[in-house]
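Letter by letter, the chains look like this.
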Amino acid sequence: MESLTLRSFPRAILHVDGDSFFASCEQMQDPTLRGKPVITGLERGIASSMSYEAKARGVTRAMSLRDIKKICPDAIILPSDYELYSLMSLRMYDIVRRYSDAVEEYSIDECFADLTGMRRSLRMSYPRIAEAIQRDLETELGVTFSLGLAPTKVLAKVGSKWNKPSGLTVIPGREAHTFLAQLPVGDLWGIGPQTASYLTKKGVVTALDFALVDEATMARSLSKPFRAVWYELRSQMVYPIETEKKVAYKSISKTKTFTPPSTDPAYVFAQLSKNIENACIKARRYNQASRHLYAFLKTQDFRYQGMQIELANPTALPHVIVRALREPFQQVFRAKTQYRGTGIVLTELEPSLSQMDLFGEMEGVAASYKIFEHLDAMADKFGKHSIFLGSSFLAHKRGSHEGYRGVAPKRQRALLKGETKRRRIGIPLIGEVS
Amino acid sequence: MADEKHIAKVIHFFRKHKRMPSIAELTKLAGFASKKAGYDLSQRLIAQKVLAKDTTGKLVPRQLFGGIKVLGLVEAGWPSPAEEELVDTMNLDEYLIENKEATYLLRVKGDSMIDAGIQEGDLVIAERTNTPKVGAIVIAEVDGEWTMKYLRRGTQGLYLEPANKNYKPIHPEEGLRVIAVVKGVIRKY
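Predicted, not measured: the structure shown is a model, and the values here were computed from it. (Residues numbered from 1 in each chain as written. Chains lettered and ligands numbered in written order. Predicted model: local features only at pLDDT ≥ 70, side-chain atom pairs only at ≥ 80, totals over all residues.)

### Some remarks on the sheet that holds strand β1 (residues 13-18) of chain A
Residue and element names in this part refer to chain A.
Then step 1. With mixed pairing, the five strands of this open sheet are ordered in space as β5-β6-β1-β7-β8. Across the chains shown, the open sheet's two edge strands, defined by having one partner strand only, are β5 (103-107) and β8 (168-170). In this sheet, adjacent strand axes meet at a mean angle of 15° when their direction is disregarded.
Then step 2. Two strands pair when backbone bridges link them, and β5 and strand β6 (residues 110-114) are joined in this way by three bridges, in the antiparallel orientation. Across the sheet, the residue bridging to Glu104 is Phe112, located in β6. (Pairing = 2+ DSSP bridges. Helix = DSSP H or I, 4+ residues; strand = E, 2+ residues; numbered from the N terminus. Axes fitted to C-alpha atoms, helices over the stretch in contact; angles between N-to-C directions.)

### Here we look at unusual backbone geometry
Then step 1. Along the chain, Lys164 of chain A connects to Pro165 of chain A via a cis peptide bond; the corresponding omega equals -5°.
Then step 2. By the secondary structure assignment, Pro165 of chain A is in the loop between α7 (153-162) and β8.
Then step 3. Positioned with a positive phi, Lys49 of chain B is a non-glycine residue whose angle comes to about 65°.
Then step 4. Along the polypeptide, Lys49 of chain B turns up in the loop between α3 (35-47) and β1 (51-53).

### Examining the sheet that holds strand β2 (residues 38-40) of chain A
Residue and element names in this part refer to chain A.
Then step 1. Spatially, three strands are ordered β3-β2-β4 in an open sheet, and the strand pairing comes out mixed. The two strands at the open ends of the sheet, each matched to only one other strand, are β3 (49-50) and β4 (76-78).
Then step 2. Strand direction decides the pairing type here: β2 and β4, joined by three bridges, are parallel. The partner of Val38 across the bridge, within β4, is Ile76.

### Remarks on the pairing of strand β6 (residues 145-154) of chain B
All names here are of chain B.
Then step 1. Relative to β6, strand β5 (residues 137-142) runs antiparallel, the two sharing six bridges. Along β6, the bridge assignment pairs Ile137 with Tyr150.
Then step 2. Turn length for the β5-β6 hairpin, with the two strands adjacent in sequence and antiparallel, is two residues, and the turn residue Asp143 shows positive phi of about 50°.
Then step 3. Note: β6 against strand β7 (residues 157-161), five bridges, orientation antiparallel. For Arg152, the partnering residue across the bridge sits in β7 and is Tyr159.
Then step 4. Between β6 and β7, which pair antiparallel and follow one another directly, the connecting turn spans two residues.

Below, the structure written as structure tokens:
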């Protein structure tokens, strides 16, 4: 077989992927959970992460809790502790940053790093650097990670998936073909099931088949994202490492379900109002605003009732949106119907005009922004929602979940002296020691 | 962390020029070739709350000088001598925590380490490591539970020794799984 390229590492890209990250974090902080089928996602009613023990029993992502109990009666199902997962995630990024400044925070349990040029300053080969990163991560975080080292992101992803859990797979460009020959084309990052079945029909079965399609055919029959994958498989970097924090969103959505479902319009509206506040907090953080909004109610039989509103001016002020939604809400809300969720989407976001507007009629808006600037500062200091709109009151009072799904993560039930429900020390508390 | 040395350089720049560096100057200070890397550094320092951006987008100090607030300084535009002296202080976090990424808290149950001054209800600061030193107070996993004891070496290898004569030393049958060393104890009254 012929190599796709002669060079091993024209660039050295590392992909770091947490193994069953949420469930592993839970097992790290509670040694009694080790070796047992652990599942997170209790509050959602479906599995969001499963330990390897649970996977071995056939539990899959998004499986309902009822089905899980059927196939795995001894499963330990925990509420998600996003605070813990986020703290661990930041630590993951920072450990990788010890070895390279160019780290892309891809998701809560994944990151990419560009190690190109670090051999000399670290006095290690690329595979040695990857080993050192893996050793630091696993020792200091107590969670295993799978790593892939390759000349491009797509190949690095192939590597991190190759040998899980706790694997490290090095794919030098000149050996990439031996890996790709064994990989179905649909397992590649960026190739969805539809494209995969299209390619398979055309005789492109493995990832190597795909990489060997000639350039002219490829350029003619595939759209841009798939062409990028083709180049990346041939060790030509198309996807750069993006080290910049997200600076803006195209749209922001906030949705929440609650249990038990409710027929009370005031409570359902309060849930919607709380989502609106959350969406606006995020929009203000990125200095964005929207005038095209979409809100919806979710009924117990999984039907959606949507409301679309257009505002005269883009806004990131929750009370403006709440006011605009009152009437549409009354129109769509059906009496005696069980509602289980609400949501808001701010679309076509644009840079916020904020305080700078010169028109007289906007003065009130400017004053409101000033107020919310202070509220945001207070939230930084005292915790999110330390002050909220009256229209959200019922949602705060009752909480989103009653019954078993309303169980808070352990950390929130074990507050240290001086901590509050909203603010805790930013260091994982891993239980009791005797 | 790698950014520590950059922060020191920013402080030095501030003392010398009585103002904060621009992104271009920050890039030069840190020795980066590309302005992008300098920008990334500024974003990281903003995320770490060391720096902030003012309304015109210029960098301003936030907690550049340890945990000490420098609000007065921003308004005046000139550092007062007292604040400059505080540049060489550290905050409690820095004092208590050496390796931030490896540090965890545990709450103490029982009195097996009472003679080491560690009481029930105390919080211990532990650092995960693979290379614990004999004589250190360590956190080990024994029978699916965390236990905190002195790490000792005897004729039959490593074992755990409590700091309370009412408890017996622990000689784990299948290898000892030490996961962390205790770096400090917090007791809040």
